Amino acid sequence: MASSTAAEAGAWKWAIRKRVWDALEADGVARAPRPAHHRIPNFDGAAAAADLLGRLEVFLNAQCVKVNPDSPQKQVRFLTLSVLDSQMIPTGCIPEASTPAGAAKYGRPLGLDEKIKVDLIVIGSVAVDPNSGARLGKGEGFAELEYGMLRYMGAIDDSTIIVTTVHDTQLVDDIPLEKLQVHDVPVDIICTPTQVIFTNTTTPKPQGIYWEKLSPEKLSQIRVLRELKARIEHETGTKLPCGPSVKLPQPQASKEEELEELNCL
């Protein structure tokens, strides 16, 4: 019953995702890997969107940047490595075939006790509302879990700027703020191939990991989360809550990489 309720509550998100994925394919702007569906979609002009981000002061002044590993942010990762003195990709331990100067070559795994300060987060999106900063990912929750772990580490706070790079087709105006969940991550800046949008979002940012939202199936996939849960329970002497059981989609190549990235944090 709980699993069914959770699925129904997220149905509106999947309707928006499908509409955007369909539009990217129909308009001929989706790029490899294809199809665009069920992933952070790559798009024509992804490098141009990254270049607009690369000109912003918030990027140029950053000492440490977290960048997601998806295809449309390849140019963002390149700019971060080539322009900035410091960078953090989610793990720093996964070789990227598309990025010769990738995390495995220049990075190192981070522990949960690492003392770092992340100045800027670049996050992938399926759909984003330029008026509110509300964002939808591909529905797996990896970006939210990474954000929550960084909050736990003290590496970020409410003032940490969150940026996404998307195609203009991915801009929507029908994400209902009242239906967003506490762990949904809003964005402050949107870069498309044609424009930079400052959302001035007032949507609260997540304060950490919401264990009551984390299903047993998701927890079983991610070693670092299991270790963190056990640590907190040992330190506090209190058993943390667990979310409702859900049926997870079959792993895809990109998803397996994201799981490895979280496990290597």
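Residues numbered from 1 in each chain as written. Predicted model: local features only at pLDDT ≥ 70, side-chain atom pairs only at ≥ 80, totals over all residues. Heavy atoms only, no water.

The name recorded for the chain in an unreviewed UniProt entry is 5-formyltetrahydrofolate cyclo-ligase, from Urochloa decumbens.

An account of the environment of T192 is needed here, citing residue identities and associated values.
Its location among the elements puts T192 in the loop between β8 (189-191) and β9 (196-198). Between the alpha carbons of T192 and V166 there is a distance of 5.2 Å; along the sequence they are 26 residues apart. (Helix = DSSP H or I, 4+ residues; strand = E, 2+ residues; numbered from the N terminus.)

Which residues make up helix α9 (residues 223-236), and what values do they have?
For α9, with 14 residues, the first-to-last C-alpha span of 20 Å sits near the 20 Å given by 1.5 Å per residue. Every buried residue of α9 is accounted for by V224, L225, L228, K229, I232 and E233. The arc that holds the buried residues of α9, viewed along the axis, is 165 degrees, so those residues lie on one side. At the C-terminal side of α9, G237 shows a positive phi close to 70 degrees. (Expected span 1.5 Å × (residues − 1). Buried < 20%, exposed > 50% of the residue type's maximum accessible area, 1.4 Å probe, protein only. Arc of directions from axis to C-beta.)

Can you lay out the side chain of K13 for me, pointing to particular residues and giving the numbers?
Looking at where K13 falls in the secondary structure, it is placed in helix α2 (residues 11-26). Accessibility expressed as a relative area gives 9% for K13, which makes it buried. When neighbours within four sequence positions are excluded, K13 is seen to be in contact with L136, Q181 and D184. (Contact = heavy atoms within 4.5 Å.)

Go over the packing of helix α7 (residues 142-153) against α9, please, and point to the residues and values.
Between α7 and α9, the shortest axis-to-axis distance is 12 Å and the interhelical angle comes to 40 degrees. With respect to their mutual orientation, α7 and α9 come out oblique. For the pair α7 and α9, the sense of crossing is left-handed. Contact residues: L145, M149 and Y152 in α7; V224, L225, L228, R231 and I232 in α9. Here the contact of α7 with α9 is built from residues that sort into 7 nonpolar, no polar and 1 charged. (Axes fitted to C-alpha atoms, helices over the stretch in contact; angles between N-to-C directions. Parallel < 35°, antiparallel > 145°, perpendicular 65-115°, else oblique. Left-handed = near helix turned anticlockwise from the far one by under 90°. Nonpolar A, V, L, I, M, F, W, Y, C, P; charged D, E, K, R; others polar.)

Give a description of unusual backbone geometry that names residues and reports values.
In this structure, P33 follows A32 across a cis peptide bond, with omega equal to 5 degrees. For P33, the position within the fold is in the loop between β1 (30-31) and β2 (42-43). Geometrically, the link from R34 to P35 is a cis peptide bond, its omega value of -5 degrees lying close to zero. Along the chain, P35 turns up in the loop between β1 and β2. In the Ramachandran plot, H38 falls in the positive-phi region, its phi being about 60 degrees despite a non-glycine side chain. Although it is not a glycine, N200 sits at a positive phi angle of roughly 50 degrees. Mapped onto the fold, N200 is located in the loop between β9 and α8 (216-221). On the basis of relative accessible area, N200 is assigned to the exposed category, the value being 67%.

I'd love a proper account of the pairing of strand β4 (residues 120-123), names of residues and values included.
By the alternation rule, side chains of β4 split into L120 and V122 and I121 and I123, which are all buried. Bridge analysis of β4 against strand β7 (residues 161-165) gives 4 bridges, and the strand direction is parallel. Bridge pairing in β7 places V122 opposite V163. (Pairing = 2+ DSSP bridges.)

Describe the nonpolar core, and please don't skip the residues or the numbers.
With 33 residues, the main nonpolar core has V118, W211 and L225 as its most contacted residues. Of all elements in the fold, only β4, α7 and α9 reach the threshold of two or more residues within this core. The biggest single contributor to this core is α7, with 7 residues. Here W211 is in contact with L219, L225, L228, K229, I232, L240, P241, C242 and G243, once residues within four sequence places are set aside. Counting 16 residues, the second-largest nonpolar core is a separate cluster that includes I16, W21, L136 and V172. (Core = buried A, V, L, I, M, F, W, Y, C linked by side-chain atoms within 4.5 Å.)

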